[in-house]
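# Structure assessment
Now for the letters of each chain:
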Amino acid sequence: MNAPLFTEDLKLLNGNHAVAWGVCLAEPDVAPVYPITPQTPILEKLIDFESRGACQIELLTPESEHSAMAAAIAASATGARVFTATSSQGLLLMHELLHYASGARTPIVLFNVNRTPAAPWGFWPDQIDSLSQRDTGWVQLYSESPQESLDSVIQAFRIAEAVNLPVMVNHDAFYVSHSVEPVSIPDAGMVRDFLPRIPREIQLGDGTGRSLGAPIDQAAWNLTRREMDAAMKRVENVSEQAGSEWERLTGRPSAPLEFYRCEDAEIVYVTMGSMSGTVREVVDLLRESGVPAGLLKVRLFRPLPVQALRHALAGTSCAIVLDRNYSPGTGGVLHQELKAGLFGMENPPRVHGMLAGVGGVNVPVGSIAKLAADCRNAEQTAEPVWVE
Amino acid sequence: MEMTKYRDNGQFCSGHVACAGCAEALSMRVILNAVGEDTVGVVAPSCTAVILGGHPMSSAKIPVLHGTLESAAASASGVKRALKAQGRDDTTVLCLAGDGGTYDIGLQALSSAAERNEDILYVCFDNEGYMNTGGQKSSSTPHMATTGSTPLGKATHKKNLIEILAAHRIPYIATASPSHLSDLAAKVEKAKSIRGTKVIIVLIPCLPGWGVADNAAVKTARLAVEAGAFPLLEIEDGVHYSLTVAEKTRPIDAYLAEQKRYRRLSDEDRAALQSEVDDAWSRLLARAGKDLNA
Ligand SMILES: Cc1ncc(C[n+]2csc(CCOP(=O)(O)OP(=O)(O)O)c2C)c(N)n1
Ligand code: SF4
Ligand SMILES: [Mg+2]
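The rules we used
- Residues numbered from 1 in each chain as written.
- Chains lettered and ligands numbered in written order.
- Predicted model: local features only at pLDDT ≥ 70, side-chain atom pairs only at ≥ 80, totals over all residues.
- Heavy atoms only, no water.
- Salt bridge = Lys/Arg side-chain N within 4 Å of Asp/Glu carboxyl O.
- Helix = DSSP H or I, 4+ residues; strand = E, 2+ residues; numbered from the N terminus.
- Buried < 20%, exposed > 50% of the residue type's maximum accessible area, 1.4 Å probe, protein only.
- Pairing = 2+ DSSP bridges.

Looking up chain B in an unreviewed UniProt entry gives the name Thiamine pyrophosphate enzyme TPP-binding domain-containing protein, with the organism given as Ruegeria marisrubri.

An unreviewed UniProt entry annotates chain A as Pyruvate ferredoxin oxidoreductase originating from Ruegeria marisrubri.

In structure tokens:
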């Protein structure tokens, strides 16, 4: 194949720099950021762009991620388009404010680089940092590659601003954040058209004197969650639309769920993020040896596109969930979510939960391929299985 | 007694829910009128947030973001940057927080905003304790004062936040008191005219928290100023100190006697507190004097 590596719009970028390019094109007004490995290159590239005049962003460099998120919320509530980025400890430090951001309906876009949380200290790809934030009211997307990270961060602004909910885009530490591939940089004008400025319904300082976040009674608080529920229900549709428009503009599919050789698949691997690349290889190998396997990659994890998943897995007898995360006491988070999503389905597939790659350990093609034979005719177990 | 005719611009409405007789509501009225309507507020959980009112009511005419306890200064920075990005750099951003939200849990965010010299006006209502949660100590609670969490009297000193802030070399720091309202208004107006981080600490004698009579909040604040227990001052650029009430005109006894939180004190305790006040006052005079000679 003779892909042109250095044409005008094709650049050799790592995942983090691809994110910074995407953010720059999305033209946020304010970006409070705090460094943490392996997110730091996003921050550095963004500051580099800003200092060279490539983009105009009010950059804040506060003393912590907690303050970064506080500033992000306040800026967004004041009507600004806002971006921030973090990873692991930083995301966890933000926890209190993640709830605040969604409750205040601030359409912030946050890029999180999935990394193991301490203790013990580690810097390895693992998605428990963001998955443990799944109840905070943030939309969550997971990306497999630098190109997808660039595309997703742009789409994230579109989704966030359409439903007034914050969106978190995630990619795996190092496997995506630091791996380099040719990335196509979209045209700035095209991105501007893709992300029109929508006037905010409620905005601090809009002349109405309306306050935000003030104490309310039980019924009114309850109503805020019902409204968030309605907004969350719109997310799948909105991301579907954003994805298909993006595909029309760039030729790159960006649907909430991605299917690879799932037609007639008896065995479907379900996973998120960088693991998908390995599984694609596994699927090809299995297909070569006559095993009808496929891959279902979940891009949109929160809200999980339940109906689409049920539809996609209707003819499948065996789903193997590969979780690069571990929730002590239950198992893999995607496994739990998928089982709940398929509950009550007629002729559901057996769902096998596999803890694969927790703590960033390498999961070779052979191990994943072997799971097909192990699970094909086996009963599902409630207990998660640790993959060697 | 000094009588002043006050011109109210209506920025602070009646019907607020401060304890009857609270000097914080009085101070808020003066502050909100002085900053004017082209202002966006940020408030941390505190009596101030309660006084501002529950949704959909508000006792302030300006819009207020009710942020989290430890993030007031960071939130205010975010508002300011957003306004700047929208070409509204002249709008004042007013941050309101208690001493707990300022001296303790919010100090990290405040220090960072000050270090970045964010263009915000930060007002701390210093009632020397966590009153919203029922009156526990903060690091602003003075030596020997009893609170819900220091039932035998606080063993350590009030944190010297003014010196900490001065070390950040921000353009303007001031202290103020509801007993000296023209001075408070003048300081707010001055702060408003300066770019960068401005902090004003207002002493608020808390009726239930300090055990002060319903009609004695302003009197207690005045006694604090006159005894030199809460000096009124200004610090410009972290180095130029000036006292706005230059004399210490009475011993500390009358101030202590107004408050039940000092009820347990022995004569020796009172003498010890008096010498602490005297020491702090001479250090302050030295600083202000040094500046005069500079
Ligand atoms: C993270 C967090 N911890 C604890 C609280 C509970 N809380 C609310 S107000 C407050 C005390 C505030 O004290 P201060 O800032 O002095 O204000 P005051 O109530 O005295 O006006 C506390 C501890 C909170 N809101 N957030
Ligand atoms: S508790 Fe104290 S500071 Fe708070 S409103 Fe009442 S008197 Fe004022
Ligand atoms: Mg207090």
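Back to the write-up after that little detour.
All names here are of chain A. Considering all chains together, one arrives at 42 salt bridges over all chains under this definition. Taking the shortest distance from any N to any O, the salt bridge between Glu245 and Arg158 comes out at 2.7 Å. Of this pair, Glu245 sits in helix 9 (residues 218–250) while Arg158 sits in helix 7 (residues 146–163), placing them 87 residues apart in sequence. By relative accessible area, which is 23% here, Glu245 ends up partly exposed. Overall, the relative accessible area of 21% leaves Arg158 in the partly exposed class. Of the charged contacts in the structure, one is a salt bridge between Glu258 and Arg280, with a shortest N-O distance of 3.0 Å. Here Glu258, found in strand 9 (residues 257–260), pairs with Arg280, found in helix 10 (residues 275–288); they are 22 residues apart in sequence, far enough to count as distant. Residue classification places Glu258 among the partly exposed positions, given a relative accessible area of 26%.

With that settled, consider the pairing of strand 4 (residues 121–126) of chain B. Residue and element names in this part refer to chain B. With six of its six residues buried, strand 4 lies for the most part within the structure. Alignment of strand 4 against strand 6 (residues 198–203), held across six bridges, turns out to be parallel. Bridge pairing links Val123 to Ile200 in strand 6.

Residue and element names in this part refer to chain A. Residues Ala118 and Ala119 are joined by a peptide bond in cis, for which omega reads 5°. Cis rather than trans, the peptide bond between Ala119 and Pro120 has omega equal to -10°. The topology assignment puts Pro120 in the loop between strand 5 (109–114) and helix 6 (128–131). Of note, Arg261 is a non-glycine position whose phi angle comes to about 50°, a positive value. Assessed through its relative accessible area of 33%, Arg261 is described here as partly exposed.

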